Amino acid sequence: ERNGERGWLRAALARLAAEALEAVDDGAKIIILSDRESYGSTRIPSVHAANRIPSLLAVAAVNKALAEAGVRPSVGIVVESGEVREVHHFAVLLGFGATAVNPWLALATVTEIGKTARPEISPHQAAVNYVSAVCHGIMKIMSKMGISTLRSYRSARIFEAVGLGPEIMAEYFGGVVSPVGGMELEDIENFANVKMLPTANINSQLGTGNTGNTGNLSLSPGGEYRCRKEGVEHLWTPQRVIDFREAVRHDDYARFKRYTDDIDKNSHITLRSQLEFAHQAPLEHLAPLEDLEPVDSIVKHFVGGAMSLGSLSPEAHETIALALNGLGTMSNSGEGGEDPERFGTDRNSAIKQVASGRFGVTIEYLRSAKDLQIKLAQGAKPGEGGQLPGHKVNELVARLRHAKPGTTLISPPPHHDIYSIEDLAQLIYDLKCANPEARVSVKLVSEAGVGTIAAGVAKAHADVVVISGFDGGTGAAPLTSMKHAGLPWEVGLAEAHQTLVKNNLRHRVRIQVDGQLRTGRDIVVAAMLGADEFAFGTSMLVSLGCVQCRNCNLNCCPVGIATQKAELRAKFAGKPEHLQRYFRFLAEEVREILASLGLKSLEEARGRADLLAPRDGSIFDFGDLLQSATDCNRQPATDVREPSISADNYDSRELIPAVEHGETVLERRIANRDRSVGAALSGWLVASQATPSSASGGSPCPSSSSGGSRALRVNFAGTAGQSFGAFLARGVTFHLDGEANDYVGKSLSGGVIAISGNVGNVIAYGATSGAIYVGGTAGERFGIRNSGATLTVEGVGDHGLEYMTGGTALVLGPVGVNFAAGMTGGVAYVYDKAATLDLNCNLDSVDLFPVEEGSPDEETLLALLCEHLAQTSSETAQRLLADWTNSRSMFAKVMPI
């Protein structure tokens, strides 16, 4: 019991751990940690229950005590708590040692809802629905981390903390990083009196026999995801939304200042709100506004954040591009592709994103960009990438993403072609070959240790490092993905900047920061922590009319911004000048702040963490965040190009000059040091509008999977290096007499590749059109995200055709495990002589069918075999065709369910 003294929580935790050990010594195999007795006679949290230990601390303390005593593996820990409501609550308890969790108050609440508020749902079904939702949420979190079983997730402690001090972390959460310190046990004691969420009329559901009347108690307003009166604080309040929208619509800078002043002075929910400018310049040292960096220059530091066409309506997406192109800065396509009709116009998104889903990535898409952004992860959804619900995938979105309407589209973790920094360097090199004029940026999550990753990205010759904070996830993210993932951008930005400076790499890259930037003060603080550029998402949408309904993922946006429904899109009233005014207002406010600090430009503010200090009374430790990182090279971070691109790239040295001179059939030797052969050629052909294809722009294979003569053919002999034929353009054929390394035909864009020997991993990743013929076997992840190409091969490793959304594949040999996982489109034919395909195929998303005699499938299969034989001189194809009657019976057709 507390008895009024400080330190009661520490004593209670020690006593709880001792009692657990005593119970185990007495033979207990399951320890139940329950807070039911901490509730009053009405079964609602009692105001006198100040000795109630928070469930996470209870689990951590008992788990640690059992582990130190060497008995943890033989003892289960069950948590019975009224605190547990959301999926994240379960995840944290499991991650710190709980064997099982009983959310008794949440179950009682949903059961009561099923009994009274939703009579069409039985109380039992309501509880079942809740449990099912929690289980799916836990599995989603595990999948983000690459963990397959709950046993592996339990006690793994794969968390980072925000707001907990070093003593409590060392005592109860060892191994977990808490980069800015914060509350200790004594501070948590002050919150222990806070009531749990009360629930009306739930007594009969609690299993305690108490049937007394609870009165008219109701749930608190909550407000975790939507702004509620007297609920959780949000940056966007109704009044701020009104002030902001009216300001940009009516060119009212005074009202904009009212909006920003309200946030800067009254909001306390961001790390930057706990900082203040340490040294205001004396009046005599204030820089005159006319001497400061002009608005038009500052605005060019602002860019659009990644929001795809699909998450946003076409009208909203194009309006953002029009606005930012008009300001001379860049909008971001997001990872959903873009209508080619916009390329080269003022509606073109200058930043084109390349994500793990490879949605819409073609050579034309790459050549239309000023900035190519590799999305390794997003701060609001790290490990998940993007997710577009099926009801937002209409005909247009499906066409741009090379998918089927109504199909949920995700960009899973970038494990398909990026396992290491070397693999990332290869992709950077691929993109620079395809578009040498574009910058290449890499988007990272703000997290502890991101500085090391940023240094690797700089060494891999990226031009921009993007640090994405944990806020955001506009347009498509499910609610459970928008919280409890990643860290504030302030943490990752400061670490990335400091690490790059210390490793003499800062001048090689620019740093862009992303995540709920709102005011000029936000911009200046970010610059002082190391940012050169600033990306905006939600605030751009609000300037265009977003009213913060926070139902973006439901496709029912009432103002036509985050929807694909025609009747709602018709309500879109945003104009480019609204967004342009916002950026100009922001730039003007930045100038005023710079002047007050005696600075003349954002460049002068960059890295000046010495001008920041913690606010009085802040519980956070900003020592590391504000650590001085003296940049000895104060020159601006400028675009840095890898010099070997133009000098040594195989295409530039050999292929492009020959094609310029009119050669249409080339013979070349190739070695495995020759990387990305075909990428520069394809980019050059597209840029010069000299792609040697038919004027119709139709299929590259008008009569069959590859038929028709090629206008440009290159015959190679030897062993090809990484990314042979990457982004190969329509009208180009590469024939290789030999073998090839990984990434053959990455994002194939209409070209044809024929290889006589074996190939490596990740072949035809993200191919959209064209054909690849492999006269040997391939490694793992063959045909990942193929969305339109024709592929033939004589055997594949694990994870073949994963996430395939279109095209045709023919496999003339064995397949590895997890074949066709997540396949939603296209068709595959597999020669299954050993009758093991059903064991290796992932049947969650596909069915297997025989190839019937005389069927269209047989005709297609024969055509594919004949073409494969013609392209590769395959002995396997020749043998199967010679004994077709028997061969046909051993083929299986793989189709999405």
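Residues numbered from 1 in each chain as written. Predicted model: local features only at pLDDT ≥ 70, side-chain atom pairs only at ≥ 80, totals over all residues. Heavy atoms only, no water.

Section: the overall build of the protein
Now for step 1: Looking only at helices and strands, the protein has 29 helices and 26 strands in total.
Now for step 2: Relative to its 897 residues, the protein shows a buried fraction of 58%.
Now for step 3: For the protein, contacts bridging at least 24 residues in sequence account for 61% of all contacts bridging at least 6.
Now for step 4: Within the structure as shown, the protein displays about 34,600 Å² of accessible surface, and the carbon and sulfur contribution to it stands at 52%. (Helix = DSSP H or I, 4+ residues; strand = E, 2+ residues; numbered from the N terminus. Buried < 20%, exposed > 50% of the residue type's maximum accessible area, 1.4 Å probe, protein only. Contact = heavy atoms within 4.5 Å. Areas by Shrake-Rupley, 256 points an atom, 1.4 Å probe, with all protein chains shown as cover.)

A word on the side chain of Asp264
Now for step 1: Among the structural elements, Asp264 can be located in helix α10 (residues 253-266).
Now for step 2: Buried charge without a partner: Asp264 forms no salt bridge, and the closest opposite charge is Arg521, 5.0 Å away.
Now for step 3: Here Thr519 takes part through its side chain, which lies 2.9 Å from a polar atom of the side chain of Asp264.
Now for step 4: If we skip the residues at most four places from it in the chain, Asp264 touches Thr519, Arg521 and Arg615. (Lys, Arg positive; Asp, Glu negative; His and termini not counted. Salt bridge = Lys/Arg side-chain N within 4 Å of Asp/Glu carboxyl O. Polar contact = N/O pair within 3.5 Å; in protein donor to acceptor, adjacent residues only side chain to side chain.)

Some thoughts on the nonpolar core
Now for step 1: One finds Phe534, Phe724, Phe734 and Phe819 to be the most contacted residues of the largest nonpolar core, which totals 166 residues.
Now for step 2: Here this core takes 10 residues from helix α21 (residues 576-596), the largest share from any one element.
Now for step 3: For Phe724, the contacting residues outside a window of four places in its chain are Ile670, Val677, Phe716, Phe734, Leu736, Tyr743, Val744, Gly745, Ile753 and Ile755.
Now for step 4: In terms of nonpolar packing, the next biggest core, distinct from the first, is built from 47 residues, Val24, Val59, Phe173 and Leu185 among them. (Core = buried A, V, L, I, M, F, W, Y, C linked by side-chain atoms within 4.5 Å.)

Observations regarding the packing of aromatic side chains
Now for step 1: Scanning the model with the defined rule gives 26 aromatic pairs in all.
Now for step 2: With 5.8 Å between their ring centres and 15 degrees between their planes, Trp236 and Tyr259 make a pair best called stacked. Here Trp236 is found in the loop between α8 (185-189) and α9 (238-249), whereas its partner Tyr259 is found in helix α10, with 23 residues between them in sequence. The exposure classification of Trp236 matches that of Tyr259, with both residues buried.
Now for step 3: The rings of Trp236, Phe244, Tyr253, Phe256, Tyr259, Phe302, Phe534, Phe536, Tyr582, Phe583 and Phe585 are connected pair by pair, giving a single aromatic cluster.
Now for step 4: Seen from the ring of Tyr365, Lys352 lies directly overhead, with NZ or CZ sitting 5.8 Å from the centre.
Now for step 5: One Lys or Arg, Arg675, reaches over the ring of Tyr429 and ends 3.9 Å from the middle of that ring. (Phe/Tyr/Trp six-rings, centres within 6.5 Å; stacked < 30°, edge-to-face > 60°. Lys NZ or Arg CZ within 6 Å of the ring centre and 35° of its normal.)

Description of the environment of Ser368
Now for step 1: Tracing the chain through its elements places Ser368 in the loop between α13 (363-367) and β9 (371-375).
Now for step 2: Taking C-alpha positions, Ser368 is 9.7 Å from Val686, a pair spaced 318 residues apart along the chain.
Now for step 3: Filtering out sequence-adjacent residues up to four positions away, Ser368 remains in contact with Phe343, Asn348, Ser349 and Lys352.

With respect to the pairing of strand β12 (residues 439-445)
Now for step 1: Counted residue by residue, β12 has 7 buried out of 7 residues, so it is predominantly covered.
Now for step 2: On β12, burial covers both faces: Arg439, Ser441, Lys443 and Val445 on one face and Val440, Val442 and Leu444 on the other are all buried.
Now for step 3: As defined by bridge partners, β9 adjoins β12 across 5 bridges and the pair is classed as parallel. In the sheet register, Asp371 faces β12, and the bridge partner there is Arg439. (Pairing = 2+ DSSP bridges.)

Here's the deal with helix α12 (residues 314-327)
Now for step 1: Spanning 14 residues, α12 covers 20 Å between terminal C-alpha atoms, matching the ideal 20 Å at 1.5 Å per step.
Now for step 2: Buried residues of α12: Pro314, Ala316, His317, Thr319, Ile320, Ala321, Ala323, Leu324 and Leu327, and no others.
Now for step 3: Positive phi appears at Gly328, one or two residues downstream of α12, with a value of about 80 degrees. (Expected span 1.5 Å × (residues − 1).)

Some thoughts on the sheet that holds strand β1 (residues 30-34)
Now for step 1: Across the sheet, 3 strands lie side by side as β1-β2-β3; this open sheet has parallel pairing. With partners counted over all chains shown, the strands left at the sheet margins are β1 and β3 (100-102), one partner each. For this sheet the average axis-to-axis angle between neighbouring strands, irrespective of direction, equals 20 degrees.
Now for step 2: As defined by bridge partners, strand β2 (residues 76-80) adjoins β3 across 3 bridges and the pair is classed as parallel. Across the sheet, Glu80 pairs through a bridge with Asn102, a residue of β3. (Axes fitted to C-alpha atoms, helices over the stretch in contact; angles between N-to-C directions.)

A look at helix α17 (residues 489-502)
Now for step 1: Between its first and last C-alpha, α17 extends 20 Å over 14 residues, near the 20 Å set by a 1.5 Å rise per residue.
Now for step 2: Burial within α17 is extensive, with 12 of its 14 residues counted as buried.
Now for step 3: Taken as a whole, α17 has its buried residues at Trp489, Glu490, Val491, Gly492, Leu493, Ala494, Ala496, His497, Gln498, Thr499, Leu500 and Val501.
Now for step 4: In this structure, the buried side of α17 is in contact with α16 (450-459), β13 (464-468), β14 (510-514) and α18 (520-528).

Points about the packing of α9 against α10
Now for step 1: Close contact between α9 and α10 brings their axes to 7 Å; oriented N to C, the two are set at 150 degrees. Along this stretch, α9 crosses α10, giving a crossing that reads as left-handed. Here Gln239, Arg240, Ile242, Asp243, Phe244, Glu246 and Ala247 of α9 come into contact with α10, specifically with Arg255, Phe256, Arg258, Tyr259, Asp262, Ile263 and Asn266.
Now for step 2: Among the residues forming the contact of α9 with α10, the class breakdown is 6 nonpolar, 2 polar and 6 charged. (Left-handed = near helix turned anticlockwise from the far one by under 90°. Nonpolar A, V, L, I, M, F, W, Y, C, P; charged D, E, K, R; others polar.)

Description of the sheet that holds strand β25 (residues 846-850)
Each strand in a sheet pairs with another by means of backbone hydrogen bonds, the pair being arranged parallel or else antiparallel.
Now for step 1: Spatially, 10 strands are ordered β17-β18-β19-β20-β21-β22-β23-β24-β26-β25 in an open sheet, and the strand pairing comes out mixed. Edge strands, defined here as strands with exactly one partner in the open sheet, are β17 (665-670) and β25. Averaged over all adjacent pairs, the angle separating strand axes in this sheet is 15 degrees, with direction ignored.
Now for step 2: Examined bridge by bridge, strand β20 (residues 749-755) and strand β21 (residues 769-774) share 5 bridges and lie parallel to one another.

A few points about the confidence of the model for the protein
Now for step 1: Predicted confidence across the protein gives a mean pLDDT of 87, with 88% of residues reaching 70 or more.
Now for step 2: Within the model, the stretch residues 631-635 combines pLDDT values under 50 with 11 contacts to residues more than four positions away or in other chains.
Now for step 3: Low pLDDT, under 50, characterises residues 640-644; the stretch is placed with 16 contacts to residues that sit more than four places away or in other chains. (pLDDT = per-residue confidence, 0-100.)

Brief notes about the pattern of salt bridges
Now for step 1: Under the definition given, this model contains 36 salt bridges.
Now for step 2: The closest approach of N and O atoms between Arg439 and Asp371, which form a salt bridge, is 2.6 Å. Here Asp371 lies in strand β9 and Arg439 lies in strand β12, a separation of 68 residues in the sequence.
Now for step 3: Residue Arg439 is classed as buried on the basis of its relative accessible area of 7%.
Now for step 4: A relative accessible area of 1% places Asp371 in the buried class.
Now for step 5: A salt bridge links Lys893 to Asp857, with the shortest nitrogen-to-oxygen separation between them at 3.1 Å.

Observations regarding the environment of Glu86
Now for step 1: Tracing the chain through its elements places Glu86 in the loop between β2 and α3 (87-95).
Now for step 2: Owing to a relative accessible area of 23%, Glu86 belongs among the partly exposed residues under this scheme.
Now for step 3: Distance from Glu86 to Pro103, taken between C-alpha atoms, is 9.6 Å for residues 17 residues apart in sequence.
Now for step 4: Dropping the residues within four chain positions of it, Glu86 is found in contact with Glu224, Tyr225 and His484.

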